[in-house]
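If you want the building blocks of each chain, they are given just below.
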Amino acid sequence: MSGHGRFSIFSILFGIVYTLAFFFNTALFKYYPLVGQFHIVDQPKPAGPPISWYGWLATSLLISLPFALIVPRKWADRLSPSWAGLIPAALIFLVLVYEKRWFL
Amino acid sequence: MPVAASSCLICAHAALESRDMITTILIRHGLLAVALLGAITHQAFSTSKRVPAAQQNFVDKFRAVGAASYTNAIVILFIVTCIGGALLYPTYRLDVRPTLEDLDLRAANGVFEIKEHLAAIGLGLLPAYWFFWRQPLTIEGVVARRYLTWILAFIIWWNFLVGHVLNNIRGLFQ
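Small disclaimer: the values here were computed from a predicted structure and weren't measured. (Residues numbered from 1 in each chain as written. Chains lettered and ligands numbered in written order. Predicted model: local features only at pLDDT ≥ 70, side-chain atom pairs only at ≥ 80, totals over all residues. Heavy atoms only, no water.)

A. Expanded view of the interface of chain A and chain B. In this complex, chain A contributes 37 residues to the contact, which on the side of chain B involves 38 residues. Between chain A and chain B the total buried area reaches about 3200 Å² when both faces are included, carbon and sulfur atoms providing 80% of it. For the pair chain A and chain B, the interface holds zero salt bridges. Counting across the interface, chain A meets chain B through eight residue pairs in polar contact (both at pLDDT 80 or more). Going through the elements one at a time, helix 1 (5–23), helix 2 (53–70) and helix 4 (83–98) of chain A are the ones with two or more residues in the side of chain A that touches chain B. Broken down by element, the residue count for the side of chain A that touches chain B peaks at nine residues, all from helix 4 of chain A. In terms of residue class, the side of chain A that touches chain B is built from 27 nonpolar, eight polar and two charged. (Contact = heavy atoms within 4.5 Å. Buried area = accessible area lost by both parts, 1.4 Å probe. Salt bridge = Lys/Arg side-chain N within 4 Å of Asp/Glu carboxyl O. Polar contact = N/O pair within 3.5 Å; in protein donor to acceptor, adjacent residues only side chain to side chain. Helix = DSSP H or I, 4+ residues; strand = E, 2+ residues; numbered from the N terminus. Nonpolar A, V, L, I, M, F, W, Y, C, P; charged D, E, K, R; others polar.)

Dropping the structure here:
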């Protein structure tokens, strides 16, 4: 099946990078809603609680998009289409396992 | 009117407007989620085995839809619904989450954490999902199409249910 590779690679890589980013709490930036500001470095307590989610998404996009565009199409298309579904399913399973800490 | 009272009134009005705006976004977010839920459920059921028209019951008819035609709508609805969620997130972080922590509802915080992660993974899945549902549908893409559609269906159902439970949590856990 030709042409699917770059789309599959983007989807797989986006999920992997996002999972790693939140696991290691590495966001490109954080948003502090109390003061309404974006910051690259952590802010002191008066700035209020941060939101890392936007930063995790941006990190994932900035890594997965260029990679999916750079990888040669022939190489990308060697990837089996099934991986585009299997790897995200595995990532969701990992997320559920990791987040079970909230229910213990 | 004294200056302090006037500025207080302006602040109160701004807060009220902001609350109205949040309520509007929340209702639209919920309505879009309902549309998304319907579309993805139809499409997900359509990827399972079909039965002859004469033997069709309600479920068979539910899944006997032109599934590919839902794809663009699902992609757009997913993105717009996520944007709505992203706009609501600061209010959740400042108003709802501290309340949940005060009430010691750790599980409620947990299901929301999962919701945000699933939404992100779902956003990443959209390009591959869109590609495998592109016309004409290929036989090589059947497995990927089925996996991706059911994963998205799981994500959308989870996020829909969690969103509604959290929205009504004060009434549910008095």
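There's plenty left to go through after this.
B. Region of interest: the packing of aromatic side chains. Going through the model one piece at a time under the given rule, you end up with 21 aromatic pairs over all chains. Between the aromatic rings of F154(B) and W158(B), the centroid separation amounts to 6.2 Å while the plane-to-plane angle is 45°, which identifies the pairing as tilted. Of this pair, F154(B) and W158(B) both sit in helix 5 (residues 142–167), four residues apart, roughly one helical turn. Three or more aromatic residues joined by ring pairs form one cluster here, namely F29(A), Y31(A), F38(A), W53(A), Y54(A), Y89(B), Y92(B) and F112(B). The ring of W133(B) carries the charged tip of R145(B) above its face, separated from the ring centre by 5.5 Å. (Phe/Tyr/Trp six-rings, centres within 6.5 Å; stacked < 30°, edge-to-face > 60°. Lys NZ or Arg CZ within 6 Å of the ring centre and 35° of its normal.)

Function cannot be read off these values alone, since they describe shape.
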